[in-house]
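Descriptive structure summary
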Amino acid sequence: MATEEERKRAYKAFKKRLKLARLDDQSGLSPGSKTSRIGGITPPAGHPPGVWEELAAEGKLRREGNGVYSLANEI
């Protein structure tokens, strides 16, 4: 069972990692604008695995399968 502070730090780290993954995907050299198709990622290391399950149970993250999670408030 993770504390509220641990869940907050893990959620913030997840959002930051997802944002960076999307920016990296968008930064191609092709002409024109490119939108990222990244919807979910493997959670960042440094946090216990149970914290991701707790965030999913709270409704902040959604399990996508194979250890991949996405933000629950995105469609």
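What you are looking at is a predicted structure, and each value in this text was computed from that prediction instead of being measured. Within each chain, residue numbers correspond to sequence positions counted from 1 in written order. Two thresholds apply to this predicted model, a pLDDT of at least 70 for residue-level local features and 80 or more for giving and counting side-chain atom pairs, whereas whole-chain, interface and lining totals are computed over all residues. The basis for every side-chain value is the complete set of heavy atoms in the structure, and neither hydrogens nor water enter the calculation.

Here we come to the overall build of the protein chain. Numbering goes from the N terminus for both helices and strands, where a helix is a DSSP run of H or I of at least four residues and a strand is a run of E of at least two. If you tally the helices and strands in the protein chain, you get two helices and three strands. Going residue by residue from the N terminus, the α and β elements of the protein chain occur as α-β-α-β-β. Its C-alpha atoms put the protein chain at 50 × 20 × 20 Å along the principal axes. Residue burial is assigned from relative accessible area. The probe radius is 1.4 Å, only protein chains are included, and a residue is buried under 20% of its type maximum, exposed over 50%, and partly exposed in between. Put simply, the protein chain has 75 residues, and 25% of those count as buried.

Another aspect to go through is the environment of M1. Relative to the helices and strands, M1 is located in the segment before helix 1 (4-26). Judged by its relative accessible area of 93%, M1 falls in the exposed class. Taking the C-alpha atoms as reference points, M1 and V51, separated by 50 residues in sequence, lie 7.4 Å from one another.

To continue, consider the confidence of the model for the protein chain. Summary of the metric used: pLDDT quantifies the predictor's per-residue confidence within the range 0 to 100. For the protein chain, per-residue confidence averages 89 on the pLDDT scale, and residues scoring 70 or more make up 92% of the total. Highest mean pLDDT in the protein chain belongs to strand 3 (residues 68-71) (95); lowest belongs to helix 1 (93).

Whether two strands pair depends on DSSP finding at least two bridges between them. The strand order 1-3-2 describes an open sheet built from three strands, whose pairing is antiparallel. Of all strands in the sheet, those with a lone pairing partner are strand 1 (40-41) and strand 2 (61-65), marking the two edges. In the sheet, strand 1 pairs with strand 3 via two bridges, with the strands oriented antiparallel. In the strand pairing of strand 3, I41 is matched with Y69. It only takes one pair of heavy atoms within 4.5 Å for two residues to be counted as in contact. Here an axis means a line fitted to C-alpha atoms, over the contact stretch when the element is a helix, while the angle between two N-to-C directions is reported on a 0 to 180 degree scale. On top of the sheet, helix 1 reaches strand 1, strand 2 and strand 3; it is set at about 90 degrees to strand 3, its chief contact.

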